[in-house]
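The lines below spell out each chain.
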Amino acid sequence: MRSSSHTVFGGSHTRQPKTGTPAVPAFLIAVSAVLLCAGSGIAQSLGTKVWSQSLPPTPPSFFGVGNYEAATAPGLGSDGTVYVGASGSSFSGTTTFPSVLAAFDGATGTPKWAFDTGVGSSIVGSPAIGANGFVYFACGSSVFAVGPSSGALVWSQSLPPSPPYFSGQANTGPALGSDGTVYVGTVSMVGPGFFGAGVLAAFDGATGSPKWTFSPGVGSGIVGSPAIGANGLIYFTAGSMVYAVAPSGTLVWSQSLPPSAPSFFGDGHYYAATGPALGSDGAVYVGTDSQSDFFTFFPAILAAFDGATGSPKWVFDTGVGSGIVGSPAIGANGLVYFACGTTVYAVAPTNGALAWSQSLPPTPPSSSPFGGILYYQYSAATGPALGSDGTVYVGGANYNNAFFSTPPGILAAFDGATGSPKWTFNMGVNSPIVGFPNIGMNNGVVFACGSSVYSVYSSSKGLAASSWPKPDGNAANTKAVSLISITPLDPFTQDPIAPNLHPTILRISVWLRPG
């Protein structure tokens, strides 16, 4: 194990003024691990910035001081703290700085602390916040646990190699079991730019002590993030396979992704592009890439499996020659949402029938250096996050026009029932949202983009009350199905107050009106 340092950093941030008459607070008794308070009304337009905050500055170099760039989606603590992993290099790219995990106040964006990993590799996946408050993340060949109050190191542990290779590198963010076990997927470094088989490694969440390692035996790393079902099984994808492993590390089942259409190279199998998403009925949903047989491209598909047996249930063909982005999300209405190419989809959980599909917004027109005007559609850069009111949030980027004038990335909101566009937020920077958006209880859709973290005002008070409301599961990114979800309503507005913040916290609120 190694030691690392943590520092507190500063910087400017902006916050939209709050106006309007505050709501009259209700008298309440909260039988809860967290006290829920009635908030004040905010007269702010949907899809407008609440705050933005720069990631910490990099150390000085020959080229001056810059800012770290976001490397992960945000994780949200039970107190609303926002945790984002970041990596840094000099303007010229010749100097690489150790990655940091940065913490921000979720209501104001004020920086709280930054933990320096001492590792010159990016933090991967997303940070996960345990029921004990520890923040877990993976970087390079190590997994870390830090305290929430100051970012002090609790423990760090090396990841195991994948025989016959020597170096195991993190390829997923940590997933947290109900007993505190930490699960991380790896990939092997065969040589510079070459990767080999990975393993699923389990660690004790309190001490970091290794528990076991499972090798899937395929020549590729673990994809996306592991997902933990209500039955305790750990689901993950590698290559063209989906796996279910018991908490003891023994294989329960493995299943191939569907075969692709015949090609010159024969019948191949699709390759997993996402980690699994888990339905309330135990179904496992996996999105694929569009490539098969290494040389042939077919439209990407969404495949559903029985979580207990691995038996295939159905396949939805997108008809789009791009991979599915992020992982699917499951709404409180049962629909399965995902993004692929320039389109967002919603399909039925029983048979994969299309409920709706909707294009992301068009990009602004831009001039071509060869003359004329270029028009493009934004492409999905993230998997969808589902709000408590059913709104679907997806990050968009313009990959088609990368060699010309690139429009800034966007956050787009859609109606979850119909797919109708609701609003679009333009970040003003030429970078896409990293990972996925997250949704706080203060109506803020939080995401990381470029060298900044943002909170945008929305109609959603937290995530949807479902088993898997966004990639990596709940707001704490534990990658575990929410076992219990009780959604109390504000007695005045009837808005949901605390859906699905953390799978191991049960909130039961009793509201008393005056008189």
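Residues numbered from 1 in each chain as written. Predicted model: local features only at pLDDT ≥ 70, side-chain atom pairs only at ≥ 80, totals over all residues. Heavy atoms only, no water.

(A) Structural view of the overall build of the protein. Looking only at helices and strands, the protein features 0 helices and 44 strands. Considering only residue pairs separated by 6 or more positions, the protein has 50% of its internal contacts joining residues 24 or more positions apart. Put simply, the protein shows about 19,800 Å² of open surface, and 59% of that area lies on carbon and sulfur atoms. (Helix = DSSP H or I, 4+ residues; strand = E, 2+ residues; numbered from the N terminus. Contact = heavy atoms within 4.5 Å. Areas by Shrake-Rupley, 256 points an atom, 1.4 Å probe, with all protein chains shown as cover.)

(B) Broad picture of the nonpolar core. Core analysis: the biggest nonpolar cluster contains 35 residues, and L257, Y285 and L302 have the highest contact counts within it. In terms of residues, this core owes the most to one element, strand β28 (residues 301-305), which gives 5 residues. Setting aside its immediate chain neighbours within four residues, L257 contacts G239, S240, M241, V242, H269, Y270, Y271, A272, V286, T288, A303 and F305. Counting 34 residues, the second-largest nonpolar core is a separate cluster that includes W51, V445, Y454 and A475. (Core = buried A, V, L, I, M, F, W, Y, C linked by side-chain atoms within 4.5 Å. Buried < 20%, exposed > 50% of the residue type's maximum accessible area, 1.4 Å probe, protein only.)

(C) View of the packing of aromatic side chains. Inspection of every chain in the model, using the stated rule, returns 20 aromatic pairs. Look at F316 and F338: their rings are 6.0 Å apart centre to centre, the planes differ by 70°, and that puts the pair in the edge-to-face class. Placement of F316 in strand β29 (residues 312-317) and of F338 in strand β31 (residues 336-340) is noted, with a sequence separation of 22 residues between them. Both residues of the pair, F316 and F338, count as buried. Taken together, the ring pairs connect F115, F137 and F144 into an aromatic cluster. (Phe/Tyr/Trp six-rings, centres within 6.5 Å; stacked < 30°, edge-to-face > 60°.)

(D) Main features of the pattern of salt bridges. In the structure shown here, the tally under the stated rule is 4 salt bridges. One salt bridge in this structure joins D179 and K211, with 3.9 Å as the shortest N-O distance. Linking D179 in the loop between β15 (175-176) and β16 (182-191) with K211 in strand β19 (residues 210-214), this pair joins segments that are 32 residues apart in sequence. (Salt bridge = Lys/Arg side-chain N within 4 Å of Asp/Glu carboxyl O.)

(E) Structural context of the sheet that holds strand β25 (residues 284-287). Here we have 4 strands laid out as an open sheet, ordered β24-β25-β28-β29, and antiparallel in their pairing. Among the strands making up the open sheet, the edge pair consists of β24 (277-278) and β29. Across 2 bridges, the pairing between β24 and β25 is antiparallel. Paired with L278 across the strands is V284, a residue of β25. (Pairing = 2+ DSSP bridges.)

(F) Region of the structure containing the pairing of β19. Across 4 bridges, strand β18 (residues 200-203) lies against β19 in antiparallel orientation. Residue pairing in the sheet places L200 in a bridge with F214 of β19. The antiparallel hairpin formed by β18 and β19 contains 6 residues in its connecting segment, where G208 sits at a positive phi of about 85°.

(G) The arrangement of the pairing of strand β11 (residues 135-139) in detail. Taking burial as the measure, the 5 residues of β11 include 5 buried ones, the bulk of the element. Remark: 5 residues form the turn of the hairpin made by strand β10 (residues 123-129) and β11, two consecutive strands paired antiparallel; G133 in that turn has positive phi of roughly 90°. Direction of pairing for β11 relative to strand β12 (residues 142-146): antiparallel, over a ladder of 5 bridges. Across the sheet, F137 pairs through a bridge with F144, a residue of β12. Hairpin connection, β11 to β12: the antiparallel pair is bridged by 2 residues, and G140 has positive phi, about 60°.

(H) Spotlight on unusual backbone geometry. Not every positive phi belongs to a glycine, and D472 is a case in point at roughly 70°. With respect to the helices and strands, the residue D472 is situated in the loop between β43 (452-457) and β44 (507-512). We classify D472 as buried; its relative accessible area is 9%. The phi torsion at N477 lies on the positive side, around 60°, for a residue other than glycine. One can find N477 in the loop between β43 and β44. On the accessibility criterion, N477 (0% relative accessible area) is buried.

(I) Broad picture of the confidence of the model for the protein. Residues with a pLDDT of 70 or more make up 74% of the protein, whose mean pLDDT is 81. A low-confidence stretch, residues 1-42 (pLDDT under 50), is modelled with 100 contacts involving residues beyond four sequence positions or located in other chains. Within the model, the stretch residues 484-494 combines pLDDT values under 50 with 31 contacts to residues more than four positions away or in other chains. (pLDDT = per-residue confidence, 0-100.)

(J) Molecular detail of the sheet that holds strand β32 (residues 343-347). Taken in spatial order, the 4 strands make up an open sheet running β30-β31-β32-β33, and their pairing is antiparallel. Every interior strand has two partners, whereas the edge strands, β30 (324-330) and β33 (354-359), have only one. Direction aside, the axes of adjacent strands within the sheet are offset by 15° on average. Where β30 lies against β31, 4 bridges are found, and the strand directions are antiparallel. Residue pairing for β31: I324 is matched across the bridge by C340. (Axes fitted to C-alpha atoms, helices over the stretch in contact; angles between N-to-C directions.)

(K) Representation of the environment of G120 in the model. Among the structural elements, G120 can be located in the loop between β9 (111-116) and β10. Once the C-alpha coordinates of G120 and V100 are considered, the two residues, 20 residues apart in sequence, prove to be 9.7 Å apart.

(L) Examining the side chain of Q157 more closely. Among the structural elements, Q157 can be located in strand β13 (residues 153-158). Within the local environment of Q157, its side chain forms a polar contact with the backbone oxygen of G208, the two atoms lying 3.1 Å apart. (Polar contact = N/O pair within 3.5 Å; in protein donor to acceptor, adjacent residues only side chain to side chain.)

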